[in-house]
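Structural overview
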Amino acid sequence: MKYLFTLCLLAATQFTSFAQDSNKPTDARLAGIDTLLNRILKDQHVAGFSVAIIDGDQVIYSKGFGYRDVKNKKPVTTNTLFAVGSTTKAFTAGVLGMLEKEGKLSLDGNAVSYLPQLRFINDQMNNQITVRDLMTHRTGISRYDMSWFIFNTSNRDSLIKRVRYMQPSAGVREKWQYNNFMYLAQGMIAEKLTGKTWEQNIKERFFLPLEMSHSTTSLAEFQKDPDASLPYTYDGKEIKAVDYYDIDGMGPAGSINSSANDMANWVKLWISKGSYKGKEILPPAYITAASSSQMVMNDGLPDTENDIYTDNYGLGWMISSYRGHYKVEHGGNIDGFSASVSFFPTDKLGVVILTNQSGSEVPGIVLNSISDRLFQLKPIDWNARIVKKNETNAAKAKQLKKAADLKLIPNTKPSHLLKDYAAVFSNPGYGEINISLKNDTLFAKMGKYNTWLKHNHYDVFEVKDVNKDGSADTAASSLKFNFSTDMDGKIAGLSGTFERDIQPIVFTMSPKLINLDIKTLEQYTGEYMMGKVPVKVSLREKILYVFVPGQSDYETLALGDHTFRIKTLDGFSLKFEVKDKNKAESMTFIQPNGSFKAIRKAK
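Bear in mind the structure is a predicted one, so any value in this text is a computation, not a measurement.

1. Some details on the nonpolar core
Counting 114 residues, the largest nonpolar core has Trp-266, Ile-433, Phe-481 and Phe-498 as the members making the most contacts within it. The residues contacting Trp-266, other than those within four sequence positions of it, are Ala-90, Phe-91, Phe-206, Leu-210, Met-212, Trp-317 and Val-341. Counting 27 residues, the second-largest nonpolar core is a separate cluster that includes Leu-30, Phe-65, Val-351 and Ile-380.

As structure tokens, this is what we get:
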């Protein structure tokens, strides 16, 4: 999560280039390509990558560069497995294309009717959104990526339920907005219609017939492969290993792991308009629809390098052009890996680039550099351009950090004692944030991530990583929490800047519950008098109950500091007064309409 929270400061470093296989490309268009790719490997500070170039039904170039395991200097090969991230989406959408031909659904049919678990925030969206809308990212809902990325779960039913809490930022079909949940929904639609898991559908419908023998949808299987790549990132100074990230719950949006050789077979299928070795796998009509513009992504005007240019989305593919050549491509990014899979339909050419580095520029650089040679165009030094851009971005990052520091309001402090911020905060569209106080520092646990909170000003805290060794990371972060209070002045919630393009997400406080032993609970039991009204406190199976005449017994939940919340009544609690660890002398009912004290009845 660190690369999401922090500003990446890129600086020069050295990394030894290493190309696998001694054979040189036989296609004259690719003369000198090995030298260029080795330079890219070095200049972009990437651990390794593999490339496959397809011409029609033939792979005309396939090679690995660098290392799949840097520490042990294990080289990348053309069979090395990488996580391919969102290039998975074309597979998921392809299953639905096959199901449409089988008569099991219509891409223009109502999405909710095929998947009852899927619900949007209002009935208008439920009734209006089609399967094609899911496929083209035009539901009106923006990314909401931190919902699944930070608050991760393998339970797809749990994940899809979060969609109903997502506020649209545009009308249906009004604006293209990337959303991984919509591809999760497609995978679940396929599961419901076929009676098979998404993983089974991908294997049976694509991996087996396309002879993608190394490919898998399982991280566990991926890690067992003897040619699996380790994931890395570049922190501006050195290449560092990172942890694998298991997104099996969100699998239909991005959990395929594959090799350059295997993905070359996938590209052959698209170049041949749906056939592989003479057998139809995907319907030709679907191939045409999927690789054609279905939704405008952004304004797209030609520039000095693009004679024809569009920026549109098909079905699991992005549609654009490269220097006058129609291009169908999709990238992929997940912790430690970046990828690009593309083909040029009218030229019958395709390129696969897989790399083991987070957010790497390498797939784009390599794709453009290879395209220049395949189309015999005057080469553009894309590598040098990105090196220069990285230097500029590093300078900009420093300026942004200074600008952010200037916005801090000095000489302010939190409105409450730090212990008052320690609680569980929840949002049904995301999950739980568990904040605790250790010594004089607040820590936040979100999913698998451990973070600490640095005070900015007033009740605003910056969320920072905790390193693996337990030390506090001090790099700048874009995630901030702003705590809020209720009418009584008590901490009641927080809002977090989880998503870029929408308002801060609000989490409501749920006071932390504690377990008390029977001896402690017995301090509170007995009879109390609230004026002339007797109140009885009793203990049953380690749970404290309060009985008021004419009302039912109320179960309580222990919050600590002699305070209990009444389970079934929002805003109602009890606070006992105890001296010297003896029996409680009195208790106070804290209610929305005031506080009422009851004195222990004398024996």
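Having seen it, we continue.
2. Some remarks on empty space enclosed by the protein
This model, assessed by the stated rule, comprises one cavity of 30 Å³ or more. The space that makes up the largest cavity amounts to roughly 150 Å³. Lining the largest cavity are 17 residues, with Ala-83, Leu-219, Tyr-245, Ser-255 and Asn-257 positioned closest to its centre. Across the lining of the largest cavity, the residue classes break down as nine nonpolar, five polar and three charged.

3. Let's talk about the environment of Gln-167
Note that Gln-167 resides in the loop between α8 (156-160) and α9 (181-194). Spatially, the C-alpha atoms of Gln-167 and Phe-206 are 35 Å apart, while their sequence positions differ by 39 residues. Excluding its chain neighbours within four sequence positions, the residues that come into contact with Gln-167 are Ile-121 and Tyr-144.

4. Quick look at the packing of aromatic side chains
Summed over all chains, the structure comprises 37 aromatic pairs. With a centroid separation of 5.4 Å and an interplanar angle of 40 degrees, the aromatic rings of Phe-498 and Phe-507 are classed as tilted. In this pair, the class of Phe-498 matches that of Phe-507, namely buried. Judged by centre distance (5.8 Å) and plane angle (90 degrees), the ring pair of Phe-564 and Phe-576 falls under edge-to-face. One end of the pair, Phe-564, is in strand β28 (residues 563-566); the other, Phe-576, is in strand β29 (residues 573-577), and 12 residues separate them in sequence. Cluster of aromatic residues (ring-pair linked, three or more members): Phe-91, Phe-206, Phe-207, Trp-266, Trp-270, Tyr-286, Trp-317 and Phe-343. Stacked on the ring of Tyr-183, the Lys or Arg Lys-89 has its end atom at 5.7 Å from the ring centre. Across the ring face of Tyr-545, the terminal group of Arg-540 is positioned such that the distance to the ring centre comes to 4.1 Å.

5. Concerning the sheet that holds strand β20 (residues 460-465)
Taken together, the eight strands give a closed barrel; going around it, the order is β16-β17-β18-β19-β20-β21-β22-β23, and neighbouring strands pair in antiparallel fashion. Averaged over all pairs of adjacent strands, the angle between strand axes in this sheet comes to 30 degrees, irrespective of strand direction. Here strand β21 (residues 480-485) pairs with strand β22 (residues 491-496) via five bridges, running antiparallel. Bridging across to β22, Ser-484 finds its partner in Gly-493.

6. What to know about the packing of helix α3 (residues 89-101) against helix α10 (residues 198-207)
Look at α3 against α10: their axes get within 10 Å of each other, and the N-to-C directions meet at 75 degrees. As far as their axial angle goes, α10 and α3 are roughly perpendicular. In contact with Phe-91, Thr-92, Gly-94, Val-95, Met-98 and Leu-99 of α3, α10 contributes Trp-198, Asn-201, Ile-202, Arg-205, Phe-206 and Phe-207. Here the residues of the contact of α3 with α10 are counted per class, giving eight nonpolar, three polar and one charged.

7. Describing the environment of Ile-435
Relative to the helices and strands, Ile-435 resides in strand β17 (residues 431-438). What Ile-435 contacts, discounting residues up to four positions off in sequence, is Tyr-421, Ala-422, Ala-423, Phe-425, Leu-442, Phe-443, Ala-444, Leu-453, Phe-483, Leu-494 and Lys-512.

8. Focus on the sheet that holds strand β25 (residues 533-540)
Here eight strands make up a closed barrel; going around it, the order is β24-β25-β26-β27-β28-β29-β30-β31 and the pairing antiparallel. Between one strand axis and the next, the sheet turns through 30 degrees on average, direction left out of account. Alignment of strand β30 (residues 586-591) against strand β31 (residues 594-600), held across six bridges, turns out to be antiparallel. Residue pairing for β31: Gln-591 is matched across the bridge by Gly-594.

9. Things to note about the pattern of salt bridges
What the rule picks out here adds up to 24 salt bridges. We note a salt bridge from Glu-361 to Lys-389, for which the minimum N-O separation is 2.8 Å. Placement of the pair is Glu-361 in the loop between β15 (349-355) and α15 (362-374) and Lys-389 in helix α16 (residues 382-406), with a sequence separation of 28 residues. Note on Glu-361: relative accessible area 29%, which makes it partly exposed. Residues joined in a network through salt bridges with shared partners are Asp-27, Arg-29 and Asp-55.

10. Focus on unusual backbone geometry
The backbone of His-45 shows a phi angle near 55 degrees, a positive value even though the residue is not glycine. Among the secondary structure elements, His-45 is positioned in the loop between α2 (33-43) and β1 (48-55). The backbone of Arg-323 sits at a positive phi, close to 50 degrees, despite the residue not being glycine. For Arg-323, the location among the structural elements is in the loop between β12 (318-322) and β13 (325-334). Accessibility expressed as a relative area gives 16% for Arg-323, which makes it buried.

11. A word on the confidence of the model for the chain
Looking at the chain, pLDDT values average 91 and 94% of them are 70 or higher. Contacts of residues 1-19 to residues separated by more than four positions or lying in other chains number 72 contacts, the stretch itself having pLDDT below 50.

Rules of the game
- Residues numbered from 1 in each chain as written.
- Predicted model: local features only at pLDDT ≥ 70, side-chain atom pairs only at ≥ 80, totals over all residues.
- Heavy atoms only, no water.
- Core = buried A, V, L, I, M, F, W, Y, C linked by side-chain atoms within 4.5 Å.
- Buried < 20%, exposed > 50% of the residue type's maximum accessible area, 1.4 Å probe, protein only.
- Contact = heavy atoms within 4.5 Å.
- 1 Å grid on protein atoms, 1.4 Å probe; cavity = no way out; pocket = protein on both sides within 12 Å on 5 of 7 lines; lining within 4 Å.
- Points joined across faces, edges and corners; volume = space filled by probe spheres on them.
- Nonpolar A, V, L, I, M, F, W, Y, C, P; charged D, E, K, R; others polar.
- Helix = DSSP H or I, 4+ residues; strand = E, 2+ residues; numbered from the N terminus.
- Phe/Tyr/Trp six-rings, centres within 6.5 Å; stacked < 30°, edge-to-face > 60°.
- Lys NZ or Arg CZ within 6 Å of the ring centre and 35° of its normal.
- Pairing = 2+ DSSP bridges.
- Axes fitted to C-alpha atoms, helices over the stretch in contact; angles between N-to-C directions.
- Parallel < 35°, antiparallel > 145°, perpendicular 65-115°, else oblique.
- Salt bridge = Lys/Arg side-chain N within 4 Å of Asp/Glu carboxyl O.
- pLDDT = per-residue confidence, 0-100.

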